[in-house]
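Here is what each chain is made of, one letter per residue.
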Amino acid sequence: QVQVEESGGGLVQAGDSVMLSCVVSGRRTFDKYAMGWFRQAPGKDREFVAAKSWSGGSTIYADSVKGRFTISRDNAKNTVYLQMNSLKPEDTAVYYCAATVRPRGSYYSSDYNYWGQGTQVVVSS
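The notes below deal with the structure included here. All values reported here derive from a predicted model rather than from experimental measurement.

With that out of the way, let us pick up the overall build of the chain. Along the chain, the regular secondary structure elements total zero helices and 11 strands. Order of helices (α) and strands (β) in the chain, N terminus to C terminus: β-β-β-β-β-β-β-β-β-β-β. Here the C-alpha atoms of the chain give a radius of gyration of 13 Å, agreeing with the 14 Å that 2.2 N^0.38 yields for 125 residues. Expressed as a percentage of its 125 residues, the buried residues of the chain come to 44%. On the chain, roughly 6,500 Å² of surface is accessible, and the fraction owed to carbon and sulfur atoms is 45%. Charge-centre separation for the chain: the mean point of 14 positive side chains lies 7 Å from the mean point of 11 negative side chains.

So, about the state of the cysteines. Counting across every chain of the model gives one disulfide. The disulfide that involves Cys22 links it to Cys97, with 2.0 Å between the sulfurs. Judged by the torsion about the S-S bond (-80 degrees), the Cys22/Cys97 disulfide is left-handed. Of this pair, Cys22 sits in strand E3 (residues 18-25) while Cys97 is found in strand E9 (residues 93-100), placing the two residues 75 residues apart along the sequence. On the basis of relative accessible area, Cys22 is assigned to the buried category, the value being 0%.

This model, assessed by the stated rule, comprises six salt bridges. A salt bridge links Arg39 to Glu47, with the nearest nitrogen and oxygen atoms 2.6 Å apart. Judged by its relative accessible area of 5%, Arg39 is buried. Note that Asp111 is salt-bridged to Arg102, the shortest N-O span being 3.1 Å.

Turning our eyes to something else, we now look at the side chain of Ser21. The residue Ser21 is located in strand E3 in this model. Exposure remark for Ser21: the relative accessible area of 18% places this residue in the buried category. Setting aside chain neighbours within four positions, we find Ser21 in contact with Glu5, Glu6, Ser7, Trp37, Thr79, Val80 and Tyr81.

Here is a general trend for soluble globular proteins: nonpolar side chains tend to be buried in one another's company. One finds Met35, Trp37, Leu82, Met84 and Tyr95 to be the most contacted residues of the largest nonpolar core, which totals 35 residues. Elements supplying a minimum of two residues to this core: E3, strand E4 (34-40), strand E5 (47-52), strand E6 (59-61), strand E7 (69-74), strand E8 (79-84), E9 and strand E11 (119-124). Per element, the largest residue contribution to this core is five residues, and it comes from E9. If near-sequence neighbours (up to four positions away) are discounted, Leu82 is found in contact with Val18, Met19, Leu20, Trp37, Val49, Ala50, Phe69, Thr70, Ile71 and Tyr95.

The subject of this paragraph is unusual backbone geometry. Keep in mind that most residues, glycine aside, have a negative phi and that most peptide bonds are trans. Here the phi dihedral of Asn78 falls at roughly 55 degrees; this positive angle occurs in a residue that is not glycine. On the secondary structure map, Asn78 appears in the loop between E7 and E8. Note on Asn78: relative accessible area 30%, which makes it partly exposed. Unusually for a residue other than glycine, Ser86 sits at a positive phi of about 50 degrees. Within the secondary structure, Ser86 is located in the loop between E8 and E9. For Ser86, a relative accessible area of 41% corresponds to the partly exposed category.

Calculation rules
- Residues numbered from 1 in each chain as written.
- Predicted model: local features only at pLDDT ≥ 70, side-chain atom pairs only at ≥ 80, totals over all residues.
- Heavy atoms only, no water.
- Helix = DSSP H or I, 4+ residues; strand = E, 2+ residues; numbered from the N terminus.
- Rg over C-alpha atoms; globule rule 2.2 N^0.38 Å.
- Buried < 20%, exposed > 50% of the residue type's maximum accessible area, 1.4 Å probe, protein only.
- Areas by Shrake-Rupley, 256 points an atom, 1.4 Å probe, with all protein chains shown as cover.
- Lys, Arg positive; Asp, Glu negative; His and termini not counted.
- Charge placed at Lys NZ, Arg CZ, Asp CG, Glu CD.
- Disulfide = S-S within 2.5 Å.
- Salt bridge = Lys/Arg side-chain N within 4 Å of Asp/Glu carboxyl O.
- Contact = heavy atoms within 4.5 Å.
- Core = buried A, V, L, I, M, F, W, Y, C linked by side-chain atoms within 4.5 Å.

Here's what the structure looks like:
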């Protein structure tokens, strides 16, 4: 069984920074999962944020977060991070971490095999 657990959300002000963490545990070694972050704002569909490949050599971002958010991973700690800078009220959402057995991350939620429960980020103006 694979477990995915996010942490690090909270209430922040516009312009602030927050780092989300996600730990994966299970029978497959962490470095054989590509990892992604998605988010879902109230009343909206879940949307892609960022993803990183097994080795970390390939990274993709949604246009809305490029230059502000950074995804990273520490395979020794089975952890992927999402550093979010210059936060805006429109970044308010539940942020989900997801793992895929594909070697590269994907923009599509259907390509991910395992999901966390999500962590709330609220950005006040």
